[in-house]
Amino acid sequence: MKSHAKVVVVGGGCVGASILYGLTEHGCNDAVMLERTTLTSGSTWHAAGLLVTFVRSHNVSKMTLETIRIYSEVEEKLGASVGLRKVGQLRVANTPERWDEFQSYLSVAEAADVPCRLVTPEEIAELHPLLNQSDSIQGGILHTEDGYVNPADITQAMAKLARDAGATIYQNTEAQSYEKLENGHWKVTTNQGEITCEHLIFATGNYARENARRVGIDLPCIPILHQYWTTETVPMLVDRKKQGLPEFPILRDEDYGAYLREDTGGIQFGPYEFEKDLKLFAEDRVPPTFGADLLPEDFEAVETQWERAIERVPMLGEVGIKANTRGPFQMTPDELPLAGPAPGHDNLWLAEGMPGGILWGGTVGNQLAQWILKGAPGIDMSELDPRRFGDFASKRWTMKKVRETWGTHMHAHFPGEDFYSARPMRTVGSYDLLTEKGAVWTLYNGYEFPKWFAPSPEEAIPAHSFRRTYAWDHVEAEVQTTRDEAGFIEMSPMTKFTVRGSGAATWLDSIMANKLPKVGRMTLSLLLNERGGMDGEYTIVRYAENDFYLVSTPNGQVYNWDQLSKLMPKDGSVVMEDISEQMGVVALAGPKSREILQQFTDNDLSNEAFPWLSAQKGEFGFAKGVHLLRVSYTGELGWELHHPVNYNRHIVEQLLKAGVRPFGALALESMRLEKSYRAINREICKDMTPYEADLGRFVAMTEKVQGVVRERNFIGKEALLKQKEEGGYNTLVTLKLPFCDTSVIAYEAVYQDGEIVGRVTSGGFSYYCQHDIAMALVPQELTAPGTQMQVKIHGELRDAEVIDTCAVDPTSARARA
């Protein structure tokens, strides 16, 4: 075998073949695949091969649609069929909640250019006459580009095209160990010899956990056992084919919790197991004797789904069962892949945890190839990034969440939906106090985080809907109290790092887009990528010349640490410490926050002694070592109290005794929208620049040092200069919209004169202003205040008007008070 390659891919399933194909498509023919047995012998060979584009995410929608496009191109280049059938997919809504989901989703699909349309019950009868009609059917949604492909054929096709372009495939070659060399390359030891490479990619399917452990990574993914049945020939389907009629679309109906599709004259029935019935596979290690094998059918696990399916599609009960296919494939806690850089390692890439490697293969292969060869994927991959899970994601937690996620696969899903398996797991000292106050909890980085507060623990019942719920009045009261008086929120899950050392200031100045604050002050700074996109956002507090405290989003702990660690100088001049678990955070905000806080601290909180965006250390009650940061994500006068976590209960207890009302994440989200504050992975994301996000004020191209203006150099500066010179980029605006029982959420299409001109990044109801607010990315010529547009919300175009700056306190007079 070869002794060296630029890239080595470990795993010869559909995902591995897609990556190899993607690498050659983007100009790299020095790529090698290692497959322990033969191509397609893992989950690929027994996969159903479904291609599905229904998901409420702008970027994920584009990625899944890209897979279908890539497979179409592969078939064309190959000049032979790979079994690609774009038969469409019909989803049926039998409840008002599911119909709400479909209506809300339609605008997301339009913004992402995913072909689909809503259909009436009458159209459903025409599209799929095998389905028994029912008065419960509300309507449906038809995705015209969805379908299926033959998994083995598409895998072999991509492997052949990659080989033809110069890539090398070694079958019966098992990767046994990995070693990082001094030059930064990887050495892979196999049963056929050794090979070194610049970049190493894991695409090992069911072997993901045991393979990743070889490099010290504990991956949050577990194989599940899924099955489908194929019936004997259905005469009606045979007759239709003889008549030259097209296949029926794939049919999904929540009433029976399964998909049905045609399969060579029969019907393929693929049920989704309930949480209690789902079996896992190889939690630690794939059995040595397991290869291209299947497991015995488990009819009891899906008996209910089968009985319901026969009621809805009687034809199923009129033909016999020809075959059962039951085998393992990977699943993650959120049913999204782990695709991107591996945490803690340079030039190691993951394409693991694929909940449907056929669906994800094409796009993941294309994006990783670009990321490796060109320095960036073609789309923001944050939702798939392996670093999105914190170190809390243990094996048993993963097992529990995987069961829950798969078990609710066919349920209607709602904005801000929470799931409750394996909870509570991570809590801070004030958890019981806030629970007694009626806290309804959500999850950030594995931590319980207050979402809203009911009047009592007995009334703290989670509420999820596309429409107004009983939580509404309580959230409104939290917002009004905070804006008019004061409130506090428990925010301990925030990510917190210290950066110190003789080179700390020089290093941070070289990577951050904003200039560093003066001692005793703080600033918001963006960490950009080479294309000018925003990879991270940090509140930077400076306590001394080379003593910094960095605060970022709760879900960024692993990602931010990995990103900054890889950028750190290697000379030891900078020491970074993750103190996220050591420090808690309670944020106090509102016009009365100064007088409330002054009761508990000796620090002078006057404007003169403690101005806006400054920081001091002091005490709160009996708590020592408290960082008092004068900043608030609500836009009100306020302080964040960062404290040793063992004081968390004490601080919260004192605020409650002082009569301060707690508020939750829903109230905070409403208030940040009222201030047009940007949010991570919505307006602050890797494929949007500060200029597009209208955050140019946080970019400092120059800095005055001892009276002399000097040019600053930071990551992404050249890309920003080029973008500013060329112009023509889209820009974020804030829109005011009427509320009509359902609110704007995120990713909806923005229209003007009947044409799509942009998309919403985030939105919701303003409890203070009593109307909807959205932030949207639109062309610059549409950014002037007063500009009229429309946003499609829940199937209707609603008038939207661009407002100047933000809806509440545009000059930030309240925060400066």
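Each residue is numbered by its place in its chain's sequence as written, counting from 1. Only residues with pLDDT of 70 or above have their local features reported here, since the model is predicted, and side-chain atom pairs are shown and tallied only from 80 upward, although totals for entire chains, interfaces and linings are computed over all residues. Excluded from the side-chain calculations are hydrogens and water; all other atoms, namely the structure's heavy atoms, are used.

Visitor: Explain the overall build of the chain here, please?
Guide: A run of DSSP states H or I qualifies as a helix once it reaches four residues; a run of E qualifies as a strand once it reaches two. Both are numbered from the N-terminal end. Counting secondary structure elements, the chain contains 19 helices and 39 strands. For the chain, whose C-alpha radius of gyration is 27 Å, the value lies close to the compact-globule estimate of 28 Å for 817 residues. C-alpha extents for the chain along the principal axes are approximately 85 × 65 × 50 Å. Residues counted as buried form 60% of the 817 residues belonging to the chain. By the convention used here, residues are in contact when the closest approach between their heavy atoms is within 4.5 Å. The long-range fraction of contacts in the chain, counting pairs at least 24 apart against all pairs at least 6 apart in sequence, stands at 71%. Each radius of gyration is computed over the set of C-alpha atoms, and the globule rule expresses the reference value as 2.2 Å times the number of residues to the power 0.38. When accessible area is computed with a 1.4 Å probe and restricted to protein chains, residues below 20% of their type maximum are described as buried, those above 50% as exposed, and intermediate ones as partly exposed.

Visitor: Would you explain the pairing of strand 14 (residues 258-263) in this entry?
Guide: Strand residues, when the strand is regular, have side chains that alternate between the two faces of the sheet. Most of strand 14 is tucked away, with six of its six residues classed as buried. Both faces of strand 14 are covered, namely the face carrying Ala258, Leu260 and Glu262 and the face carrying Tyr259, Arg261 and Asp263. Bridging between strand 13 (residues 250-253) and strand 14 involves three bridges; their strand directions are antiparallel. Bridging across to strand 14, leucine 251 finds its partner in leucine 260. Linking strand 13 back to strand 14 in an antiparallel pair, the connection comprises four residues, with glycine 257 at a positive phi of about 60°. In this scheme, strands are said to pair when DSSP sees at least two bridges between them. Once strand 14 ends, the chain turns through two residues before running back antiparallel as strand 15 (residues 266-271), passing threonine 264 with a positive phi of about 45°.

Visitor: Mind showing me how you'd approach the packing of helix 1 (residues 14-25) against helix 2 (residues 58-78) here?
Guide: The axes of two packed helices give the description: the angle between them and the distance between them. Between helix 1 and helix 2, the shortest axis-to-axis distance is 13 Å and the interhelical angle comes to 70°. By the angle between their directions, the pair helix 1 and helix 2 is classed as roughly perpendicular. Facing helix 1, whose interface residues are Cys14, Ser18, Tyr21 and Glu25, helix 2 presents Ile70, Tyr71, Val74 and Lys77. Polar here means any residue outside two lists: the nonpolar Ala, Val, Leu, Ile, Met, Phe, Trp, Tyr, Cys and Pro, and the charged Asp, Glu, Lys and Arg; Gly therefore counts as polar. Residues belonging to the contact of helix 1 with helix 2 are distributed by class as follows: five nonpolar, one polar and two charged. Think of each axis as a best-fit line through the C-alpha atoms, taken over the contacting stretch in the case of a helix, with angles from 0 to 180 degrees between the N-to-C directions. Here is the rule for angles: anything less than 35 degrees is roughly parallel, anything more than 145 is roughly antiparallel, 65 through 115 is roughly perpendicular, and the remaining ranges are oblique.

Visitor: Would you take a moment to explain the pattern of salt bridges for this structure?
Guide: Once the charged atoms of two side chains with opposite charge are near each other, the side chains can pair. Here, a salt bridge means any Lys or Arg side-chain nitrogen found within 4 Å of an Asp or Glu carboxyl oxygen. A complete count under the given rule lists 45 salt bridges for this structure. Aspartate 562 is paired through a salt bridge with arginine 387; the nearest N and O atoms lie 2.9 Å apart. Taken together, the positions of aspartate 562 in helix 14 (residues 557-567) and arginine 387 in the loop between helix 9 (357-374) and helix 10 (395-407) put the pair 175 residues apart, joining distant regions of the chain. Here aspartate 562 and arginine 387 have matching classes, each one buried.

Visitor: What's the story with the layout of surface pockets in this structure? I'm lost.
Guide: Remark: the empty space left among the atoms is shown by a probe the size of a water molecule rolled over them. Whether a set of points on the 1 Å grid over the protein atoms alone is a cavity depends on a 1.4 Å probe fitting there but being unable to get out, while an open set qualifies as a pocket with protein on both sides within 12 Å along at least five of seven lines; lining residues are those with an atom within 4 Å of a point. Grid points are joined across faces, edges and corners, and a volume is the space filled by probe spheres set on the points. In this structure, the second largest pocket spans a volume of roughly 850 Å³. Trp371, Gly375, Asn529, Arg531 and Asp535 are the residues nearest the centre of the second largest pocket, which is lined by 33 residues in total. At the level of secondary structure, the elements contributing two or more residues to the lining of the second largest pocket comprise strand 18 (348-352), helix 9, strand 23 (522-528) and helix 14. Considering every element that reaches the lining of the second largest pocket, the biggest residue donor is helix 14, with four residues. The residue makeup of the lining of the second largest pocket, split by class, is 15 nonpolar, nine polar and nine charged.

Visitor: Help me understand the nonpolar core in this model?
Guide: Note that soluble globular proteins tend to have their nonpolar side chains buried in a common cluster. Working definition of a nonpolar core: buried Ala, Val, Leu, Ile, Met, Phe, Trp, Tyr and Cys residues. They are joined through side-chain atoms within 4.5 Å. Among the nonpolar cores identified, the biggest contains 49 residues, and Ile19, Tyr71 and Trp360 are the most heavily contacted of them. Breaking this core down by element, the ones donating at least two residues are strand 1 (4-10), helix 1, strand 2 (31-34), helix 2, helix 5 (151-164), strand 18 and helix 9. Among the elements that take part in this core, helix 9 stands out by supplying eight residues, more than any other. Residues Ala93, Tyr228, Tyr272 and Val402 belong to the second largest nonpolar core, which totals 37 residues.

Visitor: Would you mind going over the side chain of glutamate 254 with me for this structure?
Guide: One can find glutamate 254 in the loop between strand 13 and strand 14. On the accessibility criterion, glutamate 254 (18% relative accessible area) is buried. Two N or O atoms form a polar contact when they lie within 3.5 Å of each other; inside protein one atom must be a possible hydrogen donor and the other a possible acceptor, and for residues adjacent in sequence the pair counts only when both atoms belong to side chains. For glutamate 254, the side chain forms a polar contact with the main-chain nitrogen of asparagine 94, separated by 3.2 Å. Setting aside residues up to four positions removed in sequence, glutamate 254 forms contacts with Val92, Ala93, Asn94, Thr95, Arg98, Met410 and Ala412.

Visitor: Any chance you could explain a negative patch on the surface here in plain terms?
Guide: Exposure above 30% relative accessible area and the absence of a salt bridge qualify a residue for a patch, where like charges join within 9 Å and nonpolar side chains (Val, Leu, Ile, Met, Phe, Trp, Tyr) within 5 Å. Under the convention used here, a 1.4 Å probe and the Shrake-Rupley method define accessible areas, while residue burial counts only the protein chains that appear. In this count, Lys and Arg are taken as positive residues and Asp and Glu as negative ones, while His and the chain termini are left out. By convention, the point assigned to a charge is CZ for Arg, NZ for Lys, CD for Glu and CG for Asp. A surface patch of negative charge is lined by Glu300, Glu303, Glu307 and Glu311. Positionally, glutamate 300 belongs in the loop between strand 15 and helix 8 (303-312).

Visitor: Sorry if this is basic, but what is going on with the sheet that holds strand 37 (residues 771-778) here?
Guide: Adjacent strands of a sheet pair through backbone hydrogen bonds, lying either parallel or antiparallel. A barrel is described by the order of its strands in space; here six strands give the closed sequence 34-37-36-35-38-39, paired in antiparallel fashion. Strand-to-strand twist across the sheet, computed as the mean angle between neighbouring axes with direction ignored, equals 45°. The sheet contact formed by strand 35 (residues 749-752) and strand 38 (residues 788-793) spans two bridges and is antiparallel. Bridge pairing links tyrosine 751 to glutamine 790 in strand 38. Set on the sheet, helix 3 (residues 96-111) makes contact with strand 35, strand 36 (755-766) and strand 38; between it and strand 35 the angle comes to about 75°.

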